[in-house]
Protein chains: 2
Amino acid sequence: MKPAATQSAADVYSETCPSRRALELIANKWALLVVPALRRGPVRNNELLRQVGGISQKMLTQTLRELELNGLVVRSDHGTVPPRVDYALTELGASLSKALLAVDRWAEAHHDQLRPASRRTGR
Amino acid sequence: MKPAATQSAADVYSETCPSRRALELIANKWALLVVPALRRGPVRNNELLRQVGGISQKMLTQTLRELELNGLVVRSDHGTVPPRVDYALTELGASLSKALLAVDRWAEAHHDQLRPASRRTGR
DNA sequence: CAGGATCCAGTGGGATACTG
DNA sequence: CAGTATCCCACTGGATCCTG
């Protein structure tokens, strides 16, 4: 058994650590955008489609489903006609959104400091 | 010119905003692991290969090159034999590593709270 | 409005082999 | 040691069409 107290031992640098799964869940640009997009409260599908520029319905649904399956998001289907479904973060999701928001903010704040790297020249 | 003061208008939620490129640069699990792995100072290739469990030489090189091109990492080739090359974060990279480290820490701290979504069964 | 189902081109990324 | 070069295929994700 485990001494409970301190512990953790969770090491995302270890290939076999289950925390890797958590990391892979959020290591894609749509999750990085969708999660923080929900931080202010429930948002409807269509609203997300508009907020998250460039995302397709397919990827939005897929991303939300994945997050829902992992308990980061809750889906509320009001069962009305026309349909109204909205998504909200769970507490767990909210804790994650803080970390991801910081990443988004970093991108916004520093993108202009990146080397024009990617083939600025050619073409 | 612009008042520079407050906002920067950079909006990662806009498909066309250049900050998207920054986001996509770091929205993958290897970058999420490699960048924080460099936060304590220069690290050699082989060392990274061992530290970042599961990464292949190919992906390590690819990730490092991408980061280098964008000015997040500096590569130092000592030109010796046998070869000795090490990588270090630039200041910009260091600022990013803080945000990414928080994400890694989140994964380590909360992975056991994720629903056993592994339900890949369906199919 | 929310979203499933398909099709399919593009790419991510592992395995393996070779080099200075 | 630190890469580069191939082969190769599973998956990513956009486009398009369909439904309750």
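I will try to describe carefully the structure that is included in this document.

About the thresholds
Residues numbered from 1 in each chain as written. Chains lettered and ligands numbered in written order. Predicted model: local features only at pLDDT ≥ 70, side-chain atom pairs only at ≥ 80, totals over all residues. Heavy atoms only, no water. Least-squares fit on C-alpha atoms with pLDDT ≥ 70 in both. Contact = heavy atoms within 4.5 Å. Buried area = accessible area lost by both parts, 1.4 Å probe. Salt bridge = Lys/Arg side-chain N within 4 Å of Asp/Glu carboxyl O. Helix = DSSP H or I, 4+ residues; strand = E, 2+ residues; numbered from the N terminus. Nonpolar A, V, L, I, M, F, W, Y, C, P; charged D, E, K, R; others polar. Near = heavy atom within 4 Å. Polar contact = N/O pair within 3.5 Å; in protein donor to acceptor, adjacent residues only side chain to side chain.

1. What to know about the relation of the copies chain B and chain A
And then number 1: The two copies are related by a screw motion: chain B maps onto chain A through a turn of 180 degrees and a shift of 0.0 Å along the axis, at an RMSD of 0.0 Å. With respect to symmetry, the two chain copies, as superposed, fit the operation of a two-fold axis.
And then number 2: Of the residues that chain B buries at the interface, 98% are likewise interface residues in chain A, meaning the two copies contact each other through the same surface.

2. Observations concerning the interface of chain B and chain A
And then number 1: Counting from both sides, the interface comprises 49 residues of chain B and, opposite them, 49 residues of chain A.
And then number 2: Both sides of the chain B and chain A interface together cover about 4300 Å² of buried area, and 67% of this is carbon and sulfur.
And then number 3: Three residues, B:Tyr13, B:Trp106 and B:Glu108, lead the burial of chain B against chain A; their summed loss comes to 17% of the area buried on that side.
And then number 4: Counting every contact that joins chain B to chain A gives two salt bridges.
And then number 5: Broken down by secondary-structure element, the contributors of at least two residues to the side of chain B that touches chain A are helix 1 (19-26), helix 2 (29-37), helix 4 (57-69) and helix 5 (91-110) of chain B.
And then number 6: Per-element tally for the side of chain B that touches chain A: the top contributor is helix 5 of chain B, with twelve residues.
And then number 7: Partitioning the side of chain B that touches chain A into residue classes produces 27 nonpolar, twelve polar and ten charged.

3. Things to note about the protein's contact with DNA strand D
And then number 1: Surveying the vicinity of DNA strand D reveals 16 residues, the closest of which are A:Lys58, B:Asn45, B:Asn46, B:Arg75 and B:Tyr87.
And then number 2: For DNA strand D, the fraction of protein-proximal atoms (within 4 Å) that sit in sugar or phosphate groups is 65%.
And then number 3: Residue B:Arg65 places a side-chain N or O atom 3.1 Å away from a phosphate oxygen belonging to DNA strand D.
And then number 4: Looking at the surface near DNA strand D, the elements that each hand over two or more residues are helix 4 (57-69) of chain A together with helix 3 (45-51), helix 4 and strand 3 (85-89) of chain B.
And then number 5: Broken down by element, the surface near DNA strand D gets its largest block of residues, four residues, from helix 4 of chain B.

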